[in-house]
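So the chains spell out like this:
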Amino acid sequence: MAVCDKFLTFNNDVIMPAFGIGTWMAPDEEIESALNTALEAGYRHIDTAPIYMNEKAIGRVLKEWLDSGRLKREELFITTKLPPPANIPDYVEPTLRNSLDDLQLDYVDLYLIHVPFGVQVENGDFKRDENGLVVVEPNTDHLAVWKKMELIYDLGLAKAIGVSNFTARQIQRILKNCKVRPANLQIEHHVYLQQPDLVNFCKREAITVTAYSPLGSKGIAGLNKMVGIERELPDLMEIPEVKEIAEAHGKTPAQVLLRWIIDCGLSAIPKSTNPERIKENLDIFDFQLNEEEIEKLKGLDANIRVCDFKFFPGVERHPEFPF
């Protein structure tokens, strides 16, 4: 039985559970185990993407649950994304169809443009120049890509469409030229990176917001190290104000951080493959933060971005790079 009792309603009346599970940086065996644990615990919102390289594994789990009758398709909310190499109009529909084949689904509930920049591909990986930098595709045309996003929406391949990691300026450009409005923006969002101007812009435009890396992302440190970036990342669980509020509610710091996002009217998709943490993360619907606690956590905003995509060195050269 689903546990999440909070939902966000899109501007086309599609309803999304406000809490889900992320699947980034999880190899097949880990993600299959994690998803089974999550579905048994009551998760129904699953976020994935081709660039995570595990959609086939996710598809195997979903098929098993759906074929067994333990779940109906309409009980699930599945999000996937158009990857950076496919930020080309002609690639939108075939790329989504590939994801649907891997996920063994007829449609996804939400399809997002993963990033506002495009990259070139060589031998199945991001193309690199002689200096090892990612070669960008500089002529990314958001409006032309969005027209194809509208097509897959009209075809019923996605119940809703949106964007991820876009700026307000980039979204506004789409809004001024679209037939189908973006329903959702997915961004890094946590107490140290709250992006209030962007969130408020989305609220004014009836665009829901989903927070990825709501607890920070320790996995980023490993990616940074692989490309020679030495950078200390904050541990959100050790913030004194968060620990104080957690103690007052008899909850963990992680549960407080997640509940804060829900109480602010956003969706959260923390990633974990640890069975106990998967269950613990979902156990946030039996308490609520008061206004004073919410404001105290809002006061922690420090504009510290964890996921700046610098672990793909060179992408910052793209004219639409958002950070």
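Keep in mind it's a predicted model, so treat the numbers as computed, not measured.

### Here we look at the environment of C4
Next, step 1: Topologically, C4 is positioned in the segment before β1 (7–9).
Next, step 2: Take C4: its relative accessible area is 11%, and that puts it in the buried class.
Next, step 3: For the pair C4 and H45, spaced 41 residues apart in sequence, the C-alpha separation works out to 9.4 Å.
Next, step 4: When near neighbours in sequence (up to four residues on either side) are disregarded, C4 contacts P17, A18, F19 and F285.

### Here we look at the packing of helix α8 (residues 240–249) against helix α11 (residues 291–298)
Next, step 1: α11 packs onto α8 with a crossing angle of 160 degrees between their chain directions and a minimal axis gap of 10 Å. Relative to α11, the element α8 lies roughly antiparallel. The hand of the α8/α11 crossing is left-handed. Each of E241, V242, E244, I245 and H249 in α8 lies in contact with α11, whose residues at this interface are E293, K296 and L297.
Next, step 2: Of the residues in the contact of α8 with α11, the class split is three nonpolar, one polar and four charged.

### Let's talk about the UniProt feature "active site" (unreviewed entry) in the protein
Next, step 1: Listed under "active site" (unreviewed entry) in the UniProt record, and renumbered for this structure, are Y52.
Next, step 2: Tracing the sequence through the fold places Y52 in the loop between β4 (45–47) and α2 (55–68).
Next, step 3: A relative accessible area of 13% places Y52 in the buried class.
Next, step 4: Not counting chain neighbours up to four residues away, the residues in contact with Y52 comprise T23, W24, D47, K81 and H114.

About the cut-offs
- Residues numbered from 1 in each chain as written.
- Predicted model: local features only at pLDDT ≥ 70, side-chain atom pairs only at ≥ 80, totals over all residues.
- Heavy atoms only, no water.
- Helix = DSSP H or I, 4+ residues; strand = E, 2+ residues; numbered from the N terminus.
- Buried < 20%, exposed > 50% of the residue type's maximum accessible area, 1.4 Å probe, protein only.
- Contact = heavy atoms within 4.5 Å.
- Axes fitted to C-alpha atoms, helices over the stretch in contact; angles between N-to-C directions.
- Parallel < 35°, antiparallel > 145°, perpendicular 65-115°, else oblique.
- Left-handed = near helix turned anticlockwise from the far one by under 90°.
- Nonpolar A, V, L, I, M, F, W, Y, C, P; charged D, E, K, R; others polar.
- UniProt positions renumbered as here; feature names shortened; annotations may be inferred.

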